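Coordinate inspection notes
Next come the chains, spelled out residue by residue.
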Amino acid sequence: MSEAVADLAPATIGVDRRAVEEAFETGRLKVSRPPSRSIGDYSIALHYLFKLGGVDQKDWPHAAGRLIEALTSSKYKDECYVARAEFVNGYLNLTIDFNRLARVVLDDVLRGGVEERLRSVGGGRVVVVEHTSANPVHPLHVGSGRNSVIGDTFARLLSKLGFRVSRRFYVNDMGRQVAFLVYGVSILKEAGVQPGGEFKTDHWYGIVYALTNLLIEERRLLREVREAEKAYWEALARFVEWAGREGAVPGSALDELRSLLAMRSFNKSAVKVARRLATVLSGLEKALANAAELKALKDSLERYTELSREHAKISFLVRRLAVRAPEVYLALSSRILDDRRALDDVRKLMKRCEEEDPATLSLFHEVSESVVKGFKETLDRLNIHFDAFDWESSKEVLEGAHEVVKIVESKPFARREAGALLVDLDQAAEDCGFVRELFSPDRPGKFIIERSDGTTLYVTRDVSYSVFKFRGTGADVVYNVIASEQSREQKQVKALLYLLGYEREARNLVHFVYELVKLKGMRMSGRRGVYYTLDELVEDYYAVVSKVYYETGKSRALEPAAREDVEKTLRELAVANARGLLLSVEPFKVLTFDPSRLEEALYGSTVLYSYVRLQSILRKLKGLEPLENMERLKAEASSLQWGGYKPSEVEEQILDALAEFERVVLSAYRELKPNKVLEYAMSLSNLVNKFYESHRVMGEPDPEARAFREALVVATLAVMKELVDILGFPHVRRI
RNA sequence: GGGCCCGUCGCCUAGCUUGGAUAGGGCGCCGGCCUUCGGAGCCGGAGGUCCCGGGUUCAAGUCCCGGCGGGCCCGCCA
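Each residue is numbered by its place in its chain's sequence as written, counting from 1. The lettering of chains begins at A and the numbering of ligands begins at 1, in the order of writing. Per-residue local features of the predicted model are confined to residues with pLDDT of at least 70, and side-chain atom pairs are confined, for both listing and counting, to 80 or more; whole-chain, interface and lining totals are unaffected and use all residues. Note: side-chain values were computed over all heavy atoms of the structure, leaving out hydrogens and water.

**A look at the protein's contact with RNA strand B**
We count it as follows: Residues are labelled near a given molecule or strand when at least one of their non-hydrogen atoms is within 4 Å of it. Definition of a polar contact: a pair of N or O atoms within 3.5 Å, with one able to donate and the other able to accept a hydrogen when the atoms are protein atoms, and with sequence-neighbouring residues admitted only if both atoms are side-chain atoms. Every helix listed is a DSSP run of H or I at least four residues long, and every strand listed is a run of E at least two residues long, numbered separately from the N terminus. We call Asp, Glu, Lys and Arg charged. Ala, Val, Leu, Ile, Met, Phe, Trp, Tyr, Cys and Pro are nonpolar, and the rest, Gly among them, are polar.
Around RNA strand B sit 66 residues, and of these N93, E586, E600, Y609 and H695 come closest. Here a phosphate oxygen of RNA strand B and a side-chain polar atom of Y609 are 2.3 Å apart. Between RNA strand B and V697, the relevant distance is 3.1 Å, taken from a base nitrogen to a main-chain nitrogen or oxygen of the residue. Here the surface near RNA strand B gets seven residues from one element, more than from any other, and that element is helix α28 (residues 675-694). Residue classes in the surface near RNA strand B are distributed as 25 nonpolar, 15 polar and 26 charged.

**Let's talk about the packing of helix α12 (residues 270-284) against helix α13 (residues 292-324)**
What counts here: Here the axes come from fitting lines to C-alpha atoms, over the contacting stretch only for helices, and the angles between their N-to-C directions go from 0 to 180 degrees. Here roughly perpendicular refers to angles of 65 to 115 degrees, roughly parallel to angles under 35, roughly antiparallel to angles over 145, and oblique to all remaining angles. Helix crossings are classified by the rotation of the near helix relative to the far one: an anticlockwise turn of less than a right angle makes the crossing left-handed, while a clockwise turn makes it right-handed. Contacts were defined at the residue level, with two residues in contact if any of their heavy atoms lie within 4.5 Å.
Where α12 contacts α13, the axes come no closer than 11 Å and their chain directions differ by 140 degrees. Relative to α13, the element α12 lies oblique. Like other packed secondary-structure pairs, α12 and α13 cross with a definite hand, here left-handed. On α13, the residues that touch A270, V271, A274, L277, A278 and L281 of α12 are L294, L297, K298, L301 and Y304. Across the contact of α12 with α13, the residue classes break down as 10 nonpolar, no polar and one charged.

**Considering the nonpolar core**
Which entries qualify depends on this criterion: Joining through side-chain atoms within 4.5 Å is the link that ties buried Ala, Val, Leu, Ile, Met, Phe, Trp, Tyr and Cys residues into a set, and such a set is a nonpolar core. Buried, partly exposed and exposed residues are distinguished by accessible area as a fraction of the type maximum, computed with a 1.4 Å probe on protein chains only: under 20%, between the cut-offs, and over 50%, respectively.
Ranked by size, the top nonpolar core spans 194 residues in total, and within it L106, F239, L537 and F593 carry the most contacts. For this core, the element with the highest residue contribution is helix α10 (residues 201-246), accounting for 21 residues. The contact partners of F593, leaving out residues within four places of it in the chain, are V142, V517, K518, L519, K520, Y532, L537, L581 and L598. Counting residues in each nonpolar core, the second largest holds 34 residues, with F413, A429, F439 and F447 among its members.

**Here's the deal with the packing of aromatic side chains**
Which entries qualify depends on this criterion: Planes of paired rings set the category: under 30 degrees apart is stacked, over 60 is edge-to-face and the rest tilted, where pairs are Phe, Tyr or Trp rings (Trp by its six-membered ring) whose centres lie within 6.5 Å.
Under the defined criterion, the tally for this structure stands at 21 aromatic pairs. Measuring from centroid to centroid gives 5.5 Å for F169 and F386, while their planes differ by 80 degrees, and the two rings are edge-to-face. Here F386 lies in the loop between α16 (358-381) and β7 (388-391) and F169 lies in strand β6 (residues 164-171), a separation of 217 residues in the sequence. For the pair F169 and F386, one class covers both residues: buried.

**What to know about the side chain of K469**
Within the secondary structure layout, K469 lies in helix α20 (residues 458-471). Judged by its relative accessible area of 0%, K469 falls in the buried class. In this view, K469 contacts V128, E130, A475, V478 and N480; residues no more than four positions away in its chain are not counted.

**Considerations on the sheet that holds β6**
Definition in use: For two strands to be treated as a pair, DSSP must find no fewer than two bridges joining them.
Here we have five strands laid out as an open sheet, ordered β7-β6-β5-β11-β12, and parallel in their pairing. Both outer strands of the open sheet, β7 and β12 (509-514), are each paired with one neighbouring strand and no more. Ignoring strand direction, the axes of neighbouring strands in this sheet form an average angle of 25 degrees. In this structure, strand β5 (residues 126-130) lies alongside strand β11 (residues 477-483), joined through four bridges in parallel fashion.

**Overview of the sheet that holds strand β3 (residues 82-88)**
Across the sheet, which stays open at both edges, the four strands sit in the order β1-β2-β4-β3 with antiparallel pairing between neighbours. Two strands close off the open sheet at either side, each with one partner strand: β1 (31-32) and β3. On top of the sheet, helix α4 (residues 60-72) reaches β3 and β4 (91-96); it is set at about 175 degrees to β3, its chief contact.

The analysis is restricted to geometry; functional conclusions fall outside its scope.
Structural data, given as structure tokens:
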């Protein structure tokens, strides 16, 4: 179309051909959608052309008339399937001959043209997608679930585009978090408490991890509360003494303060006294405005109140978990008595781990592996699979990390500070544009890659792992699906790679940023054992989907034998809905949702239901199982003829949508927005539902209409199948 | 203090890269249809200062500048 305008504009509007082409290339001119279908199918805003050609506004209609005249009498009328062209205040509106367009669009899908073009994008090149990579200390929650779904969908998209995709999970089995878990586990081992029990392994470890953290924190707070309590009694005693001496406080208030102070011997009433005291003191506020004595008492009172409130909160969380796993609680709470000693033990563990002590490493590895086993079950259920789990504690990564240190040591941008090896990127940036631009407009800053005790840090190991991801797999591009909070670390890795001479790798390491998940009415924290797990999400969706299913009354004809199939299908719908929800928002936007309102986000159901409808049409029409016979269906459909059949409005919209498929997939890939595929699948599904409501295929008397619809349904199903593949939804056949 | 990201009906979201007409869709709400090619469907309705203020332009949700609000990051943590 743009070519047609470029060709015809010189003679009709008086604009140079080259200028028009340029306008299309730069986007000053473009073919777009008019606001309403009744206006036309496509439109081009000609204002810019008129301006270029110096056409006065009152002459617009004439010039446009000449353009339309030329357009409709040229070869372009046919080539662009123009049925009608009109000019309305500045816009050239085009109506498309869908009968002719249909042939092209449908054949493109049915004969595999679209598929082939998409596959040629990757052309067999290897890419790595690292995703999920959650710390193996508690089950995957919906936050990590978002990472998994985005990562897996993107990986599926890449493989549709002809890339050879290696999906990798980086297991962070070193470091503080795992050390806490290992500490808890070792206590339980001594106490003879077995892992798992009635819990899924990762859920059990999650409780152990949280309880270990919480108990240590609780002991610390208890200690601090006691100190604060002592301090405030003393402050009160001093205040009373002072007030009595100075007579600064009315007698009645002083009496009350004295009686409160007397309560000290009844140890337990400290909280009540504090509350009462606060009221009495606020009554004295005016009279004693700036007295230092009052302020001192108030401060110590405040500190006590705050600490005891915090302590109560932690105790509540401890009790919550204690009820769920009593034997774990009993064992841990009887052994974790002093927070300082416990922390010291954890530190020792961590140190031994970082020093790469074999026995400690294997203990860490063993615990992580159990948790990862739970991850795998969760992810398998969601159709998410990996080509490899790469361990941070592996020889490759650790040796590589030491190698990195050794090389960096001799570089001018590195120096020792108090024994630790520091990388000064500010300095490196001075003569490295890559690093400068990477952080711009921020300053690159500095960071440590080796502690003074000779152990490496997370970033160091990540650099080593990045090298492995490229060199070990032969990848051209590596995508790291990692939360936005790690942006800085990711830049540091890229910068260091570049500075170490891995320039290609640095340029082709893509941080695929996604934002966190927030729940209405819950602040998730793995350390405190407060989270909404991915397993629960699927379970909750299962409940929602079952409710909808059984409420429609469809179940009444259900025979016992069919029951199992139904359960399976409902599970599949639950999976699709969970994936749909987590994919529904653009990756770099915070995803907020309310777990009690899952029934409002049924993307999976909507898409799969339309998918099933298309299948059922063809199953009935052709007497075969559609998904198993796609090639045959496509071949047959591509030879169908429908003469001059004029598609209905809905049919036109479906054709439009099918023609969009390729563009959508490509932009989802280029813009790192796999959610676009879901968005598109939803709109196609809605169109399918409309079509299904008002059009017959089998019952259609007109053979041309029937032929057209068969071809349309087959092509739509073919596209839907691709979509369901990319989205990782189960290929449901019946609901 | 500095940097990054986000702000569109009650809620969620598309459109912003490349400016173009009446800002598209979903949930929920209200009112009507649906028993089919296997019942999560269809039609209609209400609901919008596109965060605010300037600027550029024939034209701004879109571009530029300045604010405001929310999230995140600036460790010998991971």
